[in-house]
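Listed below are the residues making up each chain.
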Protein chains: 2
Amino acid sequence: MSIIMHDLAGADPGLRFSPYCWRARFALAHKGLPVETIPWRFTEKDAIAFSGQPRVPVIRDGDRVVSDSWAIAEYLEEICPTPTLFGGPTGRAHALFVNAWADSVLLSGIARFIVRDLLDIVDPKDRDYFRSSRESRFGATLEQVQAGRDDRLAAFRDTLVPIRLVLRKQPWLGGPAPSYADHIVAGTLMWPRCASPYKLLADDDAVSEWFGRMLDQYGGLGRNAKTP
Amino acid sequence: MSIIMHDLAGADPGLRFSPYCWRARFALAHKGLPVETIPWRFTEKDAIAFSGQPRVPVIRDGDRVVSDSWAIAEYLEEICPTPTLFGGPTGRAHALFVNAWADSVLLSGIARFIVRDLLDIVDPKDRDYFRSSRESRFGATLEQVQAGRDDRLAAFRDTLVPIRLVLRKQPWLGGPAPSYADHIVAGTLMWPRCASPYKLLADDDAVSEWFGRMLDQYGGLGRNAKTP
C-alpha cells in the first residue's frame, strides 16, 4: 500500500509548492517508496487534524502518521534504511545544520522575493488567511516585503556561497550521491520554482547547475513538476 | 612519536589564535593523538616550505606531511578511525557544508570585529605583512574594517541562528557527542577568544553555552588556551 501524503496545493491542484513537502517528496523518491499525494490548502486544518498539528507535510503509512519534514525523513530512514538519507547518526546530526540553515537563511531569504507572487497561486479560499498570517509575520504588507527585489538579488545570491564552496569539492551535498542534505536545499528551491516566475538563480551559478541535476533525479520528479 | 604541528603564534609564543589550527587541535585531541606544536609566524614561509604551500596548520606525522585543516581532519580519520570525526562518508560530506559556512559566513563575519585587534598581538616581524595583506583583501584599512563594531554586533549574532536551531534539538553539532562539525565552529570561535578582548557572544546565547562546553572538552584544551 502506498504512503499517503497531504501536500500543499494552489488554486490549481497540480501546483505543489511547499518547500517542506518537497523535501519529503524527494526523500520518498530517494527510497523508491510510492506515494499518493492529496492536495491540501492552508485553511483545511480539519483534513489533517488526525495528525495533531496544523501543517503539511503529513504522511500516513498504514496506521502510522508522521508530520514535519525532518521527522518524516527520520521515519523513512528507519523503515527503509537503504539507500540511506543520512549515512548514519553523525551524518543525520550534520544534516540538521543544513536543515537549520535552509529554514532560516534560505527560506526567509527567498520569501522576500516571492511572497506576493504566492498570493496569485494559492487557492481563493486561502487568500485572506495567507495574506493576514504572512503580513503579521513580516510586520508589513506582502507588496512591501517583495518590493525592490531586483536591487536585493545580488545580496541574496551571496548567501548561497556555502553551497558553492561545497560543490567545488563534491558533486552533491551528500558527497558522490545525493543525500537528504540535497533534498533539503533542492526542496527549498522548488518553492520559488513552483510558485513564482521570478528568476532567483543565475544560469552560470554552480548552484543552478546542481539544482538542474537534482530536478532530473528520480525520473525527473522536480523537472516535471508544474510551474506557474 | 608525536605528531608535529606548525601552529600560528603571536608575539607571545603562547598565544595561538588561528581558527584553522584550532580545528586541527580539536580534531587531534578528539582522537587522543599527542601533538607537539611549533609556534609559527605569518612571515616564516620558509619554515613550512616542506609542505609545498604557505599556510598553517601543517602537520608532520613521521614522513607524512599534511596541510589544510580539512585535509588534516580527513587524514586523522583515516589513520585513527575511532572515535570518529565524521561518522562515515555522508557525515563527512555534510560536515563540508558546516566547514563552508564557517569559512564564509562565520570567519568573514568575525574578521570585521577583530582584525585591527589582531595587529596588537601578531609578532612584530609579521605586522607589515599582516596589515598590507588584510587591507588589500578588504580594500580598506584595518581601522576602517573594525570601526563601528558595536553597531553591527546584533546583525553578526543573527548569523548564528542555524547553530542555535541545531542546539535546540541536540547537545552538539555532531549529535549526542562532539564531531568535527563542533571542532570547525568552536575552532573558528577560538580565533576571537584568543586574539581580541571583544565580547562577540552574549552570555545568554545557546551558542555561548555550547562553546563553554566545547572549551571544557579534551581536558579543557580550549579553556586553558592563553587569551590576550
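Above this note sits the structure.
Bear in mind that the values here come from a model prediction, so they are computed numbers and not experimental data. (Residues numbered from 1 in each chain as written. Chains lettered and ligands numbered in written order. Predicted model: local features only at pLDDT ≥ 70, side-chain atom pairs only at ≥ 80, totals over all residues. Heavy atoms only, no water.)

What follows concerns the packing of aromatic side chains. Tallied over the entire structure, the rule returns 25 aromatic pairs over all chains. Aromatic side chains Trp-101 of chain A and Phe-97 of chain B sit 5.1 Å apart centroid to centroid with 65 degrees between the ring planes, which places their arrangement in the edge-to-face category. With Trp-101 of chain A in helix H3 (residues 89–121) and Phe-97 of chain B in helix H3 (residues 89–121), this pair bridges two chains. A relative accessible area of 1% places Trp-101 of chain A in the buried class. With a relative accessible area of 2%, Phe-97 of chain B lands in the buried category. Taken together, a centroid distance of 6.3 Å and an interplanar angle of 35 degrees make the contact between Trp-210 of chain B and Phe-211 of chain B tilted. Accessibility expressed as a relative area gives 0% for Trp-210 of chain B, which makes it buried. (Phe/Tyr/Trp six-rings, centres within 6.5 Å; stacked < 30°, edge-to-face > 60°. Helix = DSSP H or I, 4+ residues; strand = E, 2+ residues; numbered from the N terminus. Buried < 20%, exposed > 50% of the residue type's maximum accessible area, 1.4 Å probe, protein only.)

Here chain A sits on chain B after a turn of 180 degrees about the axis and a move of 0.0 Å along it, with an RMSD of 0.0 Å. Seen this way, the second copy is the image of the first under a two-fold rotation axis. Looking at the rotation axis and the C-alpha trace of chain A, the residue lying nearest is Gly-91 of chain A, at 1.8 Å. A symmetric contact is evident, with 100% of the interface residues of chain A recurring at the interface of chain B. (Least-squares fit on C-alpha atoms with pLDDT ≥ 70 in both. Contact = heavy atoms within 4.5 Å.)

Attention now goes to the interface of chain A and chain B. Tallying the contact residues gives 28 residues for chain A and 28 residues for chain B. Summing both partners gives a buried area of about 2300 Å² for chain A against chain B, and 75% of it is carried by carbon and sulfur. Of all residues in chain A, His-94, Leu-96 and Phe-97 of chain A give up the largest surface area on contact with chain B, accounting jointly for 30% of the area buried on that side. Where chain A touches chain B, the interface holds 0 salt bridges. On inspection of chain A and its partner chain B, the count reaches 6 residue pairs in polar contact (both at pLDDT 80 or more). Counting residues per element, the ones that place at least two in the side of chain A that touches chain B are H3 and helix H7 (161–167) of chain A. In terms of residue count, H3 of chain A provides more of the side of chain A that touches chain B than any other element does, 12 residues in total. For the side of chain A that touches chain B, the class distribution of residues is 18 nonpolar, 9 polar and 1 charged. (Buried area = accessible area lost by both parts, 1.4 Å probe. Salt bridge = Lys/Arg side-chain N within 4 Å of Asp/Glu carboxyl O. Polar contact = N/O pair within 3.5 Å; in protein donor to acceptor, adjacent residues only side chain to side chain. Nonpolar A, V, L, I, M, F, W, Y, C, P; charged D, E, K, R; others polar.)

Moving on: the sheet that holds strand S4 (residues 64–67) of chain B. All names here are of chain B. Reading across the sheet, the 4 strands line up as S2-S1-S3-S4 and stay open at both edges, with mixed pairing between neighbours. In the strand order of this sheet, the two ends are held by strand S2 (35–40) and S4, each with one partner. Sheet twist, expressed as the average angle between the axes of neighbouring strands with direction ignored, equals 20 degrees. The pairing of strand S1 (residues 3–8) with S2 spans 6 bridges and is parallel. Of the residues in S2, the one forming a bridge with Met-5 is Thr-37. Here helix H1 (residues 19–31) sits on the sheet in contact with S1 and S2, set at roughly 150 degrees to S1. (Pairing = 2+ DSSP bridges. Axes fitted to C-alpha atoms, helices over the stretch in contact; angles between N-to-C directions.)

A pair can form between side chains of opposite charge whenever their charged atoms are brought close. Residue and element names in this part refer to chain A. Overall, the coordinates contain 34 salt bridges over all chains when judged by the stated rule. With its nearest N and O atoms 2.9 Å apart, the salt bridge here joins Arg-23 to Asp-103. One end of the pair, Arg-23, is in helix H1 (residues 19–31); the other, Asp-103, is in helix H3, and 80 residues separate them in sequence. Assessed through its relative accessible area of 0%, Arg-23 is described here as buried.

Right, let's get into helix H9 (residues 206–220) of chain A. All names here are of chain A. Between its terminal C-alpha atoms H9 stretches 19 Å, which fits the 21 Å expected from 15 residues at 1.5 Å a residue. All of the buried residues along H9 are Val-207, Ser-208, Trp-210, Phe-211, Gly-212, Met-214, Leu-215 and Gly-220. Taking the backbone nitrogen of Val-207 as reference, a side-chain oxygen 2.8 Å away marks Asp-205 as the first, capping residue of H9. (Expected span 1.5 Å × (residues − 1).)

Our focus in this paragraph is unusual backbone geometry. Cis geometry marks the peptide bond from Val-56 of chain A to Pro-57 of chain A; its omega dihedral reads 5 degrees. Positionally, Pro-57 of chain A belongs in the loop between strand S2 (35–40) and strand S3 (58–61). At Asp-68 of chain A, a residue that is not glycine, the phi angle is positive and equals roughly 85 degrees. Tracing the sequence through the fold places Asp-68 of chain A in the loop between strand S4 (64–67) and helix H2 (69–79). A relative accessible area of 42% places Asp-68 of chain A in the partly exposed class. Even without glycine at this site, Tyr-218 of chain B takes up a positive phi of about 55 degrees.

Moving on, we come to the state of the cysteines. According to the stated counting rule, one finds 0 disulfides over all chains in the structure shown. No disulfide involves Cys-21 of chain B; its sulfur sits 11 Å from that of Cys-194 of chain B, the nearest cysteine. (Disulfide = S-S within 2.5 Å.)

This part is about the nonpolar core. If you look at the biggest cluster of nonpolar residues, it comprises 148 residues, and the most contacted ones within it are Trp-210 of chain A together with Trp-210 of chain B. Ignoring sequence-local partners within four residues, the contact set of Trp-210 of chain A consists of Leu-167, Pro-171, Trp-172, Leu-173, Asp-182, Val-185, Ala-186 and Leu-189 of chain A. (Core = buried A, V, L, I, M, F, W, Y, C linked by side-chain atoms within 4.5 Å.)

These figures capture arrangement, not role.
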